[in-house]
Amino acid sequence: MAENPEEFDIVVIGAGFSGLYALHRLRKDYKTICFEAGDGVGGTWYWNRYPGARVDIQSVEYSYGFDEELQQEWKWPEYFSAQPELEEYANHVADRFELRDNIRLSNAVESLRFDKETNRWHVQSENGDYVLCKYIIAATGSLSAPNMPDWPGREKFRGEIYHTTQWPREPIDLRNKRVGIIGTGSTGIQAAPLLAEKSKQLTVFQRTPAFSMPSGNRPTDEEHERNWKENYGERRDKMLDTYGVSLIEYGTKSAHECTPEEQHAILEEGWTSKSAFQMMVAFTDVMTDRAANEVVCEFVRSKIREIVDDPATAELLCPTDYPIGAKRLCIDNGYFSMFNRDNVSLVDVKAAPITELTETGLKTTDASYDLDVIVMATGFDAVTGALTRIEVEGVDGLKLRDKWSEGPTSYFGFMVAGFPNLFMIHGPLTPAALAQMITAGEWQVDYAARVIDDMEKDNYSCIDTTEEAEQSWADEVNIAASHTIFGQANSWYNGKNIEGKKGGFMIYVGGFPRYRELSENALNNNYKGFVRS
Ligand code: NA7
């Protein structure tokens, strides 16, 4: 450890969209530095450069609202931007607001230790940087720590293995190659159609079939762009009153109030609406009533059967044992129709799980598959993974990893008791990806900035939360989840995608407006649930 630490007011961890905004927002008033693991900015949109990577929220919404000139000048070429546009946008923001001098790239934070005598965090990074700071903003992302199932034999495989989160910058030549893709979540579903086009043969290894609807992506038309740019202020306000997504028609009727014909008409319109996620809100009770949800499930299954020629493949692609939306609804560009290609096949690895990688491919409990390339689209150790992979030590030697060993605790997903002056953006028990991440992230950064400004104005040196406050927030989170059917699937929302991961539902489903209201009320109510000294 270096002997003479550098001193900062604030360390931001992560130069993704929230981290970049945090740096911009805070460095005017505070000496701020940002550490980033990657060699470029953009977070999710830096790492996830696999073929087909594309945002599943319309770009006019999935973009920053903090700067009017930026949102007026920037042009999104498509309704749902692909990764290169999003990465370019992140780079543009870093340049436009001159953030680069305050970002240390390829320099992941390895450990954080709080010293309660001085109320300073000791930050140690991969490159040996040693920094002291008063506040930490952990903008580490909810989907940044890759999940790599550790099948034996990996070192034996003579072909190439790629995880979708670590896709090389240079295009990979897949011509004449037999490719296997493991995982059929949002990522696998986006990547597979492009891999099928580029490779000799694609085998899709599916453990759980996914509900997916067409994205309706298309080039941006001028009228759409003008309409947004003329009304951006008002539109951003409206987004804050929803889930950060206003381009969606919220159904006004329960599925039970509609005749089968009306149900069908509403769902058909939703399917072709070109508004992603429409199926989840087609009726008022899709996410709260299993029978209403089943109406939507059956409609999507009927679409799969219509699109996929081979009946056995179609049946295998139909999800039957969890409600639609309880795992994130996937948004695709030709996923189901891809199975009509001669060079694509589907393997059920729920019935016969993968057991090992071999020299020539992989084995399941009932067959061997010869492959030249294996693509792991196996998702993330979501929400908590990015922070628990850092050594975080709070007061009295308390380790975050130990504190969260039975599942994450937090107050508003913002602070964890025993870890003073550390603020999380999109932390566990926030709405996270159930609200639109850029807009919700900006709001959370502003919230952290307000707390820091108040601390400095009122001459405090330490802010913490309490276990009681964490419990009260856990109760709110659990009550909100209990009114929905979100818990009825194994997914990254509840950590059940990772073997052995403990804890319950990690996302607040009470809605972003209520989340904002409760978080703000706490500050307005004399920092209820926080302790300042
Ligand atoms: P997801 O949605 O967690 O999907 C991961 C996929 O990988 C999913 O189909 C998993 O099956 C599969 N998986 C994971 N581990 C295994 C093993 N051991 N064997 C076979 N299959 C496995 O991650 P994504 O990257 O697709 O999407 C994450 C988010 O990014 C998405 O929600 C959007 O918000 C953007 P499972 O379903 O667990 O049975």
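Please refer to the structure higher up on the page.
This section reports on the structure supplied with the text. The structure presented is a predicted model; accordingly, all values stated were derived computationally and were not measured. (Residues numbered from 1 in each chain as written. Predicted model: local features only at pLDDT ≥ 70, side-chain atom pairs only at ≥ 80, totals over all residues. Heavy atoms only, no water.)

Let's shift gears to the environment of Lys177. Take Lys177: it is sitting in the loop between strand E7 (160-163) and strand E8 (178-182). Assessed through its relative accessible area of 23%, Lys177 is described here as partly exposed. In sequence terms Lys177 and Gln201 are 24 residues apart; their C-alpha atoms lie 6.7 Å from each other. Not counting the four nearest positions on each side in its chain, Lys177 is found in contact with Glu160, Ser199, Lys200, Gln201, Asp372 and Val373. (Helix = DSSP H or I, 4+ residues; strand = E, 2+ residues; numbered from the N terminus. Buried < 20%, exposed > 50% of the residue type's maximum accessible area, 1.4 Å probe, protein only. Contact = heavy atoms within 4.5 Å.)

The next subject is the site of the ligand. Within the structure, the ligand sits among 19 residues, and Thr184, Thr187, Arg207, Thr208 and Trp492 are positioned closest to it. One nitrogen or oxygen atom from the main chain of Gly185 is found 3.5 Å from an oxygen atom belonging to the ligand. Here an oxygen atom of the ligand and a backbone polar atom of Ala377 are 3.2 Å apart. For the ligand, whose free accessible area comes to 780 Å², the fraction covered by protein is 86%. Taken together, the residues that form the shell around the ligand break down as 7 nonpolar, 9 polar and 3 charged. (Near = heavy atom within 4 Å. Polar contact = N/O pair within 3.5 Å; in protein donor to acceptor, adjacent residues only side chain to side chain. Areas by Shrake-Rupley, 256 points an atom, 1.4 Å probe, with all protein chains shown as cover. Nonpolar A, V, L, I, M, F, W, Y, C, P; charged D, E, K, R; others polar.)

For the pair helix H6 (residues 222-230) and helix H7 (residues 232-240), interaxial distance at closest approach is 5 Å and the crossing angle is 80°. Regarding the angle of H6 to H7, the classification is roughly perpendicular. Residue-level inspection shows Asn227, Trp228, Lys229 and Glu230 of H6 in contact with H7, the latter providing Tyr232, Arg235 and Met239. Split into classes, the residues belonging to the contact of H6 with H7 amount to 3 nonpolar, 1 polar and 3 charged. (Axes fitted to C-alpha atoms, helices over the stretch in contact; angles between N-to-C directions. Parallel < 35°, antiparallel > 145°, perpendicular 65-115°, else oblique.)

With 13 residues, helix H16 (residues 512-524) extends 18 Å from end C-alpha to end C-alpha; this agrees with the ideal 18 Å at 1.5 Å per step. Elements that come into contact with the buried residues of H16 comprise H7, helix H14 (437-457), helix H15 (467-482) and strand E20 (530-532). One or two steps after H16, the chain reaches Asn526, where phi turns positive at roughly 55°. (Expected span 1.5 Å × (residues − 1).)

Mapped onto the elements, Ile161 comes out in strand E7. The class of Ile161 is partly exposed, set by a relative accessible area of 23%. Between the C-alpha atom of Ile161 and that of Ile374, which follows or precedes it by 213 residues, the distance is 4.8 Å.

The phi torsion at Val383 lies on the positive side, around 65°, for a residue other than glycine. On the basis of relative accessible area, Val383 is assigned to the buried category, the value being 6%. Phi angles above zero are rare outside glycine, and Phe412 is one such case at about 60°. Within the secondary structure, Phe412 is located in the loop between helix H13 (400-403) and strand E18 (422-424).

A few words on the packing of helix H8 (residues 260-271) against helix H9 (residues 290-307). Running from N to C, H8 and H9 cross one another at 60°; their axes reach a closest spacing of 11 Å. Of the possible angle classes, the one that applies to H8 and H9 is oblique. Considering only the axes of H8 and H9, their crossing is right-handed. Each of Gln263, His264, Leu267, Glu268 and Trp271 in H8 lies in contact with H9, whose residues at this interface are Val295, Val296, Phe299, Val300, Lys303 and Ile307. Looking at the contact of H8 with H9 residue by residue, the classes come out as 7 nonpolar, 2 polar and 2 charged. (Left-handed = near helix turned anticlockwise from the far one by under 90°.)

Looking at the secondary structure, you find Gln71 in helix H3 (residues 68-73). Polar contacts involving the side chain of Gln71 include one to the side chain of Glu68, which spans 2.7 Å. In contact with Gln71, other than residues within four places in its own chain, are Tyr64, Gly65, Lys229, Tyr232 and Arg236.

Looking now at the pattern of salt bridges. The tally for this structure, following the rule as stated, stands at 35 salt bridges. Between Arg389 and Asp381 there is a salt bridge, with the nearest N and O atoms lying 3.4 Å from each other. Given the relative accessible area of 47%, Arg389 is considered partly exposed. A salt bridge links Asp454 to Lys457; the shortest N-O distance between them is 3.9 Å. Placement of the pair is Asp454 and Lys457 together in helix H14, with a separation of 3 residues, close to one helical turn. Among the residues examined, Asp454 registers a relative accessible area of 15% and is labelled buried. (Salt bridge = Lys/Arg side-chain N within 4 Å of Asp/Glu carboxyl O.)

Further remarks concern H6. Within the sequence span of H6, burial applies to His224, Glu225, Trp228 and Lys229. Axial view of H6: buried residues confined to an arc of 125°, hence all on one face. Turned more than 90 degrees from where H6 packs its buried face, Glu222, Glu223 and Glu230 sit exposed. On its buried side, H6 packs onto H3 and H7. (Arc of directions from axis to C-beta.)

This part takes up the pairing of E8. With 4 of its 5 residues buried, E8 lies for the most part within the structure. Chirality of the crossover, the property in question, places the unit of E8, helix H5 (residues 186-198) and strand E9 (residues 201-206) among those that are right-handed. (Right-handed = clockwise from strand over helix to strand, strands pointing away.)

So, about the sheet that holds strand E16 (residues 373-376). One open sheet accounts for 5 strands, arranged E7-E16-E8-E9-E12; its pairing is parallel. Both edges of this open sheet fall to E7 and strand E12 (344-348), since each of them pairs with a single strand only. Shown here is a sheet whose adjacent strand axes are inclined to one another by a mean of 20°, direction ignored. For E8 and E16, the ladder comprises 4 bridges, and the chain directions are parallel. (Pairing = 2+ DSSP bridges.)

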